[in-house]
Amino acid sequence: MTRGGGKSIVDLHTHTNRSDGVLEPSVLVRDVAAAGVRYLSITDHDSLAAYRELQAAGGEAIPDGLELIPGVEINAISRGIPLVDGELHVLGFGMNPDDDAFESTLALQRQARRIRFQQTGARQAEIGLPIDPQVEWVDLTRDDALGRPTIARALIAAGYADTVEDAFRRLIGWGSPAYVPREGLGPRDAIGAIRSAGGLPVLAHFSEAPGAVRLIAELKEIGLGGLEVYYRSFDAGTVMLVADVARRLGLVATGGSDYHGDLMTYAEAHAALDVPPSVADAVRPSIAG
């Protein structure tokens with residue numbers, strides 16, 4: 001049975017400051033548990049660092065009653081697929097965090113992110129919007145997965161943008177003056193890497209799913225195992241249509257808040273989250289072993 005907004009015990013899409021979120025991993029899990037979530041995945045971009053840190057700290061960092069599974073989000077370049085921003089976002093759940101080959105793949109992704117991060121800063125300087133992207137939000141001593149939201153926060157601090165959304169829309173989003181194309185894995189390689197590490201690949205926040213059934217079916221043929229159905233910003237009609245695609249194609253339905261921390265507290269984001277407990281029951285066997 002689906003629970004109402006604010007009562008979800010499952011959140012399989014969150015971010016920390018180990019990629020482009022705001023909160024430390026320990027703070028996120030504390031806030032998530034306080035909101036009533038019992039089944040969580042931190043899906044930082046191209047990084048399992050938060051999961052590893054929390055596991056290493058054990059009971060000191062993970063609240064009682066909170067089940068944490070390894071998660072990741074890979075922004076796959078959709079070469080030849082006509083999509084806005086040219087990307088498909090692939091979530092991965094349940095990968096072996098000690099898989100060296102998978103970590104090497106993610107390290108290359110993070111390296112490409114760092115190069116893009118630097119190129120975006122240079123592009124902004126060229127158009128008269130110089131920033132110091134290291135202000136407060138970036139610790140270059142860590143191997144974090146740097147992303148455009150971090151640059152957006154620096155643009156806000158410099159007075160060039162009002163919000164992260166404003167910065168993306170006018171300055172660093174697809175087609176904007178300081179946009180730099182992404183380099184890295186395509187969907188086939190992203191899905192394959194997750195599968196090879198024992199994980200479940202899931203297509204994230206793809207509201208276009210009802211009109212792209214053929215594409216999703218092709219992705220399933222190469223290993224896609226799930227579709228993010230219960231996404232926090234989806235309205236009820238979109239959830240119904242995306243859920244129908246997942247059902248028709250035999251894909252595991254997942255869901256989450258995609259919480260980053262810019263606009264609201266986790267409790268506020270959780271109030272709009274409506275992921276049924278059955279999602280956890282469906283995901284568990286898909287990542288077991």
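Each remark here, short or long, concerns the structure printed above.
Presented here is an overview of the structure given in this document. Quantities reported herein were computed from a predicted structural model and do not represent experimental measurements. (Residues numbered from 1 in each chain as written. Predicted model: local features only at pLDDT ≥ 70, side-chain atom pairs only at ≥ 80, totals over all residues. Heavy atoms only, no water.)

## Here's the deal with the overall build of the protein chain
To keep things clear, this is the line we draw: Helix and strand assignments follow DSSP, with helices taken as H or I runs no shorter than four residues and strands as E runs no shorter than two, numbered in order from the N terminus. We compute the radius of gyration from the C-alpha atoms alone; for a globule the expected value is 2.2 Å times N to the 0.38, where N is the number of residues. Using a 1.4 Å probe on the protein chains alone, a residue whose accessible area is under 20% of its type maximum counts as buried, one over 50% counts as exposed, and one in between counts as partly exposed. Note on areas: these come from Shrake-Rupley sampling with a 1.4 Å probe, and a residue is covered only by the protein chains present in the view.
When helices and strands are counted, the protein chain shows ten helices and seven strands. Taken over the C-alpha trace, the protein chain has a radius of gyration of 18 Å; the compact-globule value for 289 residues is 19 Å, and the two agree within 12%. Reported as C-alpha extents along the three principal axes, the dimensions of the protein chain are approximately 55 × 45 × 40 Å. Relative to its full complement of 289 residues, the protein chain shows a buried share of 54%. Accessible surface computed for the protein chain: about 12500 Å², of which carbon and sulfur atoms make up 52%.

## With respect to the packing of helix H4 (residues 148-157) against helix H5 (residues 164-172)
We apply this condition: To get an axis, a line is fitted to the C-alpha atoms, and for a helix only the part in contact is used. The angle between two axes follows their N-to-C directions and goes from 0 to 180 degrees. Each angle gets one of four labels, with under 35 degrees taken as roughly parallel, over 145 as roughly antiparallel, 65 to 115 as roughly perpendicular, and the rest as oblique. Contacts are residue-level and defined by heavy atoms, with any inter-residue pair within 4.5 Å sufficient. Any residue that is not Ala, Val, Leu, Ile, Met, Phe, Trp, Tyr, Cys, Pro, Asp, Glu, Lys or Arg is counted as polar, Gly included; the first ten are nonpolar and the last four charged.
For the pair H4 and H5, interaxial distance at closest approach is 9 Å and the crossing angle is 100°. Regarding the angle of H4 to H5, the classification is roughly perpendicular. Within the contact between the two elements, H4 uses Arg148, Pro149, Ile151, Ala152, Arg153, Leu155 and Ile156 and H5 uses Val164, Ala167, Phe168, Leu171 and Ile172. Taken together, the residues of the contact of H4 with H5 sort by class into ten nonpolar, no polar and two charged.

## With respect to the pattern of salt bridges
Put simply, the test is: The term salt bridge refers to a side-chain nitrogen of Lys or Arg lying within 4 Å of a carboxyl oxygen of Asp or Glu.
In total, this model carries 15 salt bridges according to the counting rule given. For aspartate 166, the salt bridge goes to arginine 169, with nearest N and O atoms at 3.1 Å. Linking aspartate 166 with arginine 169, this pair stays in helix H5, spanning three residues, or about one helical turn. For aspartate 166, a relative accessible area of 6% corresponds to the buried category. The closest approach of N and O atoms between arginine 247 and aspartate 244, which form a salt bridge, is 2.5 Å.

## What about the layout of surface pockets?
Short version of the rule: Every definition here rests on a 1 Å grid over the protein atoms only: cavities are sets of points where a 1.4 Å probe fits but cannot get out, pockets are open sets enclosed by protein on both sides within 12 Å along at least five of seven lines, and lining residues have some atom within 4 Å of a point. Grid points are joined across faces, edges and corners, and a volume is the space filled by probe spheres set on the points.
The volume enclosed by the largest pocket comes to roughly 1200 Å³. For the largest pocket, the lining is made up of 41 residues, of which His89, Phe168, His205, Tyr231 and Asp258 are closest to its centre. Among the elements of the structure, strand S3 (67-77), strand S4 (87-93), helix H3 (100-126), H4 and H5 are those that each provide at least two residues to the lining of the largest pocket. Ranked by the residues each element gives to the lining of the largest pocket, the list is headed by H5, at four residues.

## Structural notes on the sheet that holds S4
Note the threshold: By the convention used here, strands pair only if DSSP detects at least 2 bridges between them.
Taken together, seven strands build an open sheet; the order of strands is S1-S2-S3-S4-S5-S6-S7 and the sheet is mixed. Since the sheet does not close on itself, it has two edges, and those belong to strand S1 (10-14) and strand S7 (252-256), each with one partner. Shown here is a sheet whose adjacent strand axes are inclined to one another by a mean of 30°, direction ignored. Relative to S4, helix H6 (residues 187-196) is tilted by about 5°, and along the sheet it contacts S3, S4 and strand S5 (200-203).

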